[in-house]
Amino acid sequence: MKRSTETSTSDFTPRAAPDHPRSRRVVAVLDLIQTPAFQRRFFFLAKRFIAGETVAQAMDAVAALNAAGMSATLDFLGEDVTAAAEAERTRDAYFELLAAIRTRNVETNVSVKLTAIGLLIDEDFALANLRAVLDAAANNRDPFVRIDMEGTPVTDATLRVFERAYAQTKNVGPVLQAYLKRTPADVERTVELGARVRLCKGAYAEPPALAYQDMPTIRRQYLREAETLLERGNYPGIATHDERLITAIEAFARERDIARDRFEFQLLYGVRPDIQRRLVAEGYRVRIYVPYGTHWAGYFYRRITERPENALFALRSMLAH
Ligand SMILES: Cc1cc2nc3c(=O)[nH]c(=O)nc-3n(C[C@H](O)[C@H](O)[C@H](O)COP(=O)(O)OP(=O)(O)OC[C@H]3O[C@@H](n4cnc5c(N)ncnc54)[C@H](O)[C@@H]3O)c2cc1C
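Residues numbered from 1 in each chain as written. Predicted model: local features only at pLDDT ≥ 70, side-chain atom pairs only at ≥ 80, totals over all residues. Heavy atoms only, no water.

J.: In this structure, what is going on with helix α9 (residues 215-232)? I would like to understand it.
T.: An α-helical segment advances 3.6 residues per turn. Residues three or four places apart therefore align on the same side. Here α9 contains 18 residues, and its C-alpha end-to-end distance of 25 Å stays within 8% of the 26 Å for a straight helix at 1.5 Å per residue. If you check which residues of α9 are buried, you get Met215, Thr217, Ile218, Arg219, Gln221, Tyr222, Glu225, Ala226, Thr228, Leu229 and Leu230. Lining the buried residues of α9 we find α8 (183-193), β5 (198-200), β6 (237-239) and α10 (243-255). (Helix = DSSP H or I, 4+ residues; strand = E, 2+ residues; numbered from the N terminus. Expected span 1.5 Å × (residues − 1). Buried < 20%, exposed > 50% of the residue type's maximum accessible area, 1.4 Å probe, protein only. Contact = heavy atoms within 4.5 Å.)

J.: So what exactly am I meant to see when it comes to the packing of aromatic side chains here?
T.: The relative placement of two aromatic rings is captured by the distance of their centres and the angle of their planes. For the structure shown, the criterion picks out nine aromatic pairs. Arranged with centres 6.2 Å apart and planes meeting at 15 degrees, the rings of tyrosine 289 and tyrosine 299 form a pair that is stacked. One end of the pair, tyrosine 289, is in strand β8 (residues 286-292); the other, tyrosine 299, is in helix α12 (residues 297-306), with ten residues separating them in the sequence. Here tyrosine 289 falls in the buried class, since its relative accessible area comes to 7%. Tyrosine 299 gets classed as buried once you look at its relative accessible area, which sits at 3%. Residue placement shows lysine 170 over the ring face of tyrosine 166; its charged tip is 4.2 Å from the ring centre. The ring of tyrosine 284 is capped by arginine 260, whose NZ or CZ atom sits 4.2 Å from the centre of that ring. (Phe/Tyr/Trp six-rings, centres within 6.5 Å; stacked < 30°, edge-to-face > 60°. Lys NZ or Arg CZ within 6 Å of the ring centre and 35° of its normal.)

Right, dumping it as structure tokens:
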């Protein structure tokens, strides 16, 4: 299974060189969380970021968010699938999920990783699976399907599959990552298409040739792309917990008279619930990304390595057990 070697993207925590002691600690944490014994014993740690392992638990989490004034996007956890049968099982899991959303009548759409539905096997196969998910979503209250963005080895293929799906239905949109040097051109392309974009900083370790590495630059790029999407894009999803960025985007929207129903803030399940509540109270639209399922190691790894405090907390909890 392909694995990214992400380190922190926070300016409080500059990226560590691979032989740095903190990198070795992070690698040790990753090795540990891959083991079945760890996963059985330490699901309680992942629970902060994951709604549960079943569809029913995911529905309960979304219902609670809806009651607090937020919508959601549900992600069936998994990535980097290399067997066709597993990709088809993931596609079928989305059918089950979309049916449950209809039955429970909750306010949510879904997010899909293309490598979970076959992108590493064959692009046409992934597109066929994505189209099947889009068809299944078509009768839902919110038929939109978001394509999560993964590492740069699959950026081009992901955007190609997106555009092919978009040619048939507008209910699909990509994620663009502000840390990538290519992103201004991708933002322009989505503006030209009128497609709905989620803008995030980017969560995968990428080389300096492809991605900005320092937080002030990433933040500057993020703000620039967010402003373009707010002014000329189609209902962008502003996905960040960065208070400085959120404040700057609120100010920009106010100055330019951009109405609160023309965009939404997006945050991750279990991350900065204080900001989630504040934005709702201020009258902004807020969508929470809610992952669920049993394949949580990759997602959990990205969340704990994003912040050294999380990795240390995880290590301390493990040592205490
Ligand atoms: C809705 C949503 C969808 C996303 N989809 C994608 C995607 O498709 N592809 C992709 O590459 N990335 C995705 N990301 C992740 C994103 O790229 C960043 O890695 C992540 O959001 C952290 O960056 P930040 O903007 O929150 O800023 P940061 O500077 O990293 O964080 C700002 C503050 O948020 C809090 N915080 C952030 N992360 C954590 C954490 N893990 N644990 C605890 N507190 C934390 C801290 O208080 C921190 O100071 C998504 C993020 C969101 C919110």
